[in-house]
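# Chain and residue survey
Here's the letter readout for the chains.
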Amino acid sequence: MLTTTVDIPTSDGVADASLTRPDGDGPFPAVLLFMDAFGPRPRLVEMAERIAARGYLVLTPHLFYRAGRAPLFDLSRLGEADQRAALFEKIMPLVGALNPEVISRDTAAFLDFLAARDDVRPGPVAITGYCMGGTNALRAIEAHPDRIAAVASFHGGRIVTEAPDSPHLGVASITGELYFGHADADQSMTPEQIATLEKALDAAGVRYRSEVYARAHHGYTMADTPAYDEQATERHWAALFDLLNRTLPASGAVTG
């Protein structure tokens, strides 16, 4: 497979992204990979490649492109707890700027980019998102239900808030299928918030699975951080590929 950098025109500028393409001629079903707050880096490429090995073309957009091209931050000491606080001081304003309208506009641009490619199979795509990417993936399918077949959110935070635009309040528009892999003891997504989310999904009649990964911390899929949990990550892969196989099946996929 091959990973390259691509530029995607948006209404607010140009978003840099990585594109991971399987071997072969295609066309391939497409998956958007929505990043965590630390942004594009080798770990996300590794994850995109594992998805592409199943026969999917994977686009990983830089959601913070308005602040500049990736990398925006020095992540060489990401594993050191004392460095993370200073890093988050820079990151959180960028996270907060990704409101529902911004995510809707950006997602439309990403979907249009994929739809224009000859090697992408026509029809809806899927999104897998991590941390803030999981939250924004939910916003994306709420805004574009006819263009997104499925969303998987892993250790997504602040899906339920007191704000009038809380992501859980928009689920009635969703026609696709959702999966949530919550981190245990995650202060950004507490048991009470999970229950509120599930109640909203049930009331809207959305197809979904919502699971709590015991003893897994927020960020458990990210092998370049102290939160990484190998067992939880493998469970995440099984859940993701189960969702993709049912909602957006690919031909010629590699198992494992």
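Basis of the calculations
- Residues numbered from 1 in each chain as written.
- Predicted model: local features only at pLDDT ≥ 70, side-chain atom pairs only at ≥ 80, totals over all residues.
- Heavy atoms only, no water.
- Helix = DSSP H or I, 4+ residues; strand = E, 2+ residues; numbered from the N terminus.
- Expected span 1.5 Å × (residues − 1).
- Buried < 20%, exposed > 50% of the residue type's maximum accessible area, 1.4 Å probe, protein only.
- Contact = heavy atoms within 4.5 Å.
- Pairing = 2+ DSSP bridges.
- Right-handed = clockwise from strand over helix to strand, strands pointing away.
- Core = buried A, V, L, I, M, F, W, Y, C linked by side-chain atoms within 4.5 Å.
- Phe/Tyr/Trp six-rings, centres within 6.5 Å; stacked < 30°, edge-to-face > 60°.
- Lys NZ or Arg CZ within 6 Å of the ring centre and 35° of its normal.
- Salt bridge = Lys/Arg side-chain N within 4 Å of Asp/Glu carboxyl O.
- Axes fitted to C-alpha atoms, helices over the stretch in contact; angles between N-to-C directions.

### Side note on the environment of Pro42
Looking at the element boundaries, Pro42 is found in helix α1 (residues 42-52). A C-alpha to C-alpha distance of 9.0 Å links Pro42 and Asp224, two positions 182 residues apart in sequence.

### A closer look at helix α4 (residues 132-143)
Over its 12 residues, α4 extends 17 Å from the first C-alpha to the last, a length consistent with the 16 Å expected when each residue adds 1.5 Å. The element α4 is extensively covered by neighbouring structure, given that 11 of its 12 residues are classed as buried. Of the surrounding elements, those touching the buried residues of α4 are β3 (30-34), α2 (81-96), α3 (100-115), β5 (125-130), β6 (148-154) and β7 (177-183).

### Topic: the pairing of β6
With seven of seven residues buried, β6 lies mostly within the body of the structure. Where β5 meets β6, six bridges bridge the pair, whose relative direction is parallel. Its bridge partner lying in β6, Ile127 is registered against Val151. As for the winding sense of the linkage, the β-α-β connection from β5 through α4 to β6 is right-handed. Alignment of β6 against β7, held across five bridges, turns out to be parallel.

### Structural notes on the nonpolar core
Core analysis: the biggest nonpolar cluster contains 80 residues, and Ile8, Leu32, Ile51, Leu59, Leu114 and Leu178 have the highest contact counts within it. Not counting residues up to four positions away in its chain, the partners in contact with Ile8 are Gly13, Val14, Ala15, Ala17, Leu59, Ala109, Phe110 and Phe113.

### A short note on the packing of aromatic side chains
As enumerated under the stated definition, the model contains six aromatic pairs in all. Consider the rings of Tyr130 and Phe154, whose centres lie 5.7 Å apart with planes at 20 degrees: the pair is stacked. You can see Tyr130 sitting in strand β5 and its partner Phe154 sitting in strand β6, a full 24 residues away along the chain. The class of Phe154 is buried, set by a relative accessible area of 0%. Among the aromatic residues, ring-to-ring pairing joins Tyr130, Phe154 and Tyr179 into one connected group. In this arrangement the basic side chain of Arg54 is found over the ring face of Phe241, its NZ or CZ atom lying 4.0 Å from the centre. Against the face of Tyr213 rests Arg235, its NZ or CZ located 4.1 Å from the ring centre.

### Re the pattern of salt bridges
Applying the stated criterion across every chain, the model contains 17 salt bridges. One salt bridge connects Glu211 with Arg209, and the closest N-O pair in it is separated by 2.7 Å. A residue is classified by how much of its surface remains accessible, and Arg209, at 33% relative accessible area, is partly exposed. Overlapping salt bridges, with partners in common, bring together Glu177, Arg207, Arg209, Glu211, Arg235, Asp242 and Arg246 in one network.

### Looking at the sheet that holds strand β2 (residues 13-21)
One open sheet accounts for eight strands, arranged β1-β2-β4-β3-β5-β6-β7-β8; its pairing is mixed. On the outer flanks of this sheet lie β1 (2-10) and β8 (207-213), each paired with one strand and no other. Direction aside, the axes of adjacent strands within the sheet are offset by 20 degrees on average. Those strands touched by α4 are β3, β5, β6 and β7, and its axis lies near 155 degrees from that of β6. Strands β3, β5, β6, β7 and β8 of the sheet are contacted by helix α6 (residues 230-247), whose axis makes an angle of about 170 degrees with β6.

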